[in-house]
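# Structural description and commentary
One-letter residues, chain by chain:
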Amino acid sequence: MSTAVNHIIRTLQHLRPAPARILEAGCGDGQLLSLLHRVGYDVYGFDLKNFGLQDAAFFERCHARLPDLAADPARLKLTEQTSDWPFEQFEVVVSNQVLEHVSDHDHFFANHFRVLKPGGFGLHVFPAREVLFEFHLNLPLAHRIANKVWLERYVRWAGHIRLGKAHKGPGSLQEESRNLTHYLSTLTNYKTTAELAALARHHGLQPSYTLTPAFYAERMKINWKPRIGGAWPWKY
């Protein structure tokens with residue numbers, strides 16, 4: 001279980017124990033939903049059709065992980081990027097590594113506010129623009145480079161010295177650098193913590209980053225524990 005998933009489950013168990021009604025925005029292949037379901041939560045989830053982040057079979061894997069929920073078409077749904085979320089009346093909305101991929105944060109937070117019950121809240125784990133390490137490419141500061149030409153050069157240079165992901169793909173270094181640059185330029189949309197807080201407030205939410213220090217403390221404790229042999233793992 002990743003640090004992010006563990007943090008979400010433990011925080012929910014503390015703040016809103018099962019069987020609370022929970023919606024996962026961007027449920028992917030259902031990993032987090034299945035774990036929340038296992039510990040007693042009343043779970044629902046949705047993801048986007050044809051967004052490009054995942055392979056074509058990702059929602060089939062979600063159904064396979066949650067066969068009892070997949071039998072109810074109201075539980076798990078695919079929707080269009082510009083459509084309103086097909087749900088309402090939740091105690092909690094959660095997401096894991098989703099906000100940095102959202103193309104329209106106004107749309108996201110407007111729907112977030114709409115589907116919450118009075119007294120409900122959101123719990124989201126995501127990298128903001130302030131982070132130094134871009135974990136999709138496994139390169140520092142890649143998400144800060146707006147110019148695609150310079151970004152591709154950086155990714156390719158890093159691949160030459162065996163950093164990042166470009167040298168690990170099946171294609172040539174040039175092809176992989178181009179693909180990774182396209183991914184970061186078109187499928188991520190990093191906002192600062194201040195920008196996200198302002199957008200959330202604009203739609204009636206009350207954002208807080210009070211849980212962030214605890215998350216990073218837990219992550220550092222796990223990720224920087226040396227293995228036998230002296231290797232230092234970086235898990236996510």
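Preceding this section is the structure that the text describes.
Residues numbered from 1 in each chain as written. Predicted model: local features only at pLDDT ≥ 70, side-chain atom pairs only at ≥ 80, totals over all residues. Heavy atoms only, no water.

## Structural notes on the nonpolar core
Counting residues in each nonpolar core, the largest one holds 26 residues, and the members touching the most others are Ile8, Leu12, Ile22, Leu32, Leu36, Tyr41 and Val94. When contributions to this core are tallied by element, the ones reaching two or more residues are helix 1 (3-15), helix 2 (31-38), helix 3 (58-65), strand 4 (90-96) and strand 5 (116-125). The greatest single-element share of this core, amounting to five residues, is contributed by helix 1. One finds Phe87, Phe90, Val93 and Leu205 within the second-largest nonpolar core, a separate group that totals 21 residues. (Core = buried A, V, L, I, M, F, W, Y, C linked by side-chain atoms within 4.5 Å. Buried < 20%, exposed > 50% of the residue type's maximum accessible area, 1.4 Å probe, protein only. Helix = DSSP H or I, 4+ residues; strand = E, 2+ residues; numbered from the N terminus.)

## Re the pattern of salt bridges
In this structure the tally under the stated criterion is eight salt bridges. Between arginine 10 and glutamate 218 there is a salt bridge; the shortest N-O distance is 3.3 Å. You can see arginine 10 sitting in helix 1 and its partner glutamate 218 sitting in helix 9 (residues 212-223), a full 208 residues away along the chain. Aspartate 29 is the salt-bridge partner of arginine 65, the closest N and O atoms lying 3.0 Å from each other. Of the two residues, arginine 65 is situated in helix 3 and aspartate 29 in the loop between strand 1 (21-25) and helix 2; the sequence distance between them amounts to 36 residues. Residue classification places aspartate 29 among the partly exposed residues on the basis of a relative accessible area of 22%. Salt bridges linked by common partners bring Asp42, Asp72 and Arg75 together as one network. (Salt bridge = Lys/Arg side-chain N within 4 Å of Asp/Glu carboxyl O.)

## Topic: helix 1
Helix length check: helix 1 (13 residues) gives 18 Å between terminal C-alpha atoms against 18 Å at 1.5 Å per residue, within 8%. Three or more residues of helix 1 are buried, namely Thr3, Ala4, Val5, His7, Ile8, Ile9, Thr11 and Leu12. (Expected span 1.5 Å × (residues − 1).)

Read these as spatial facts, not as claims about activity.
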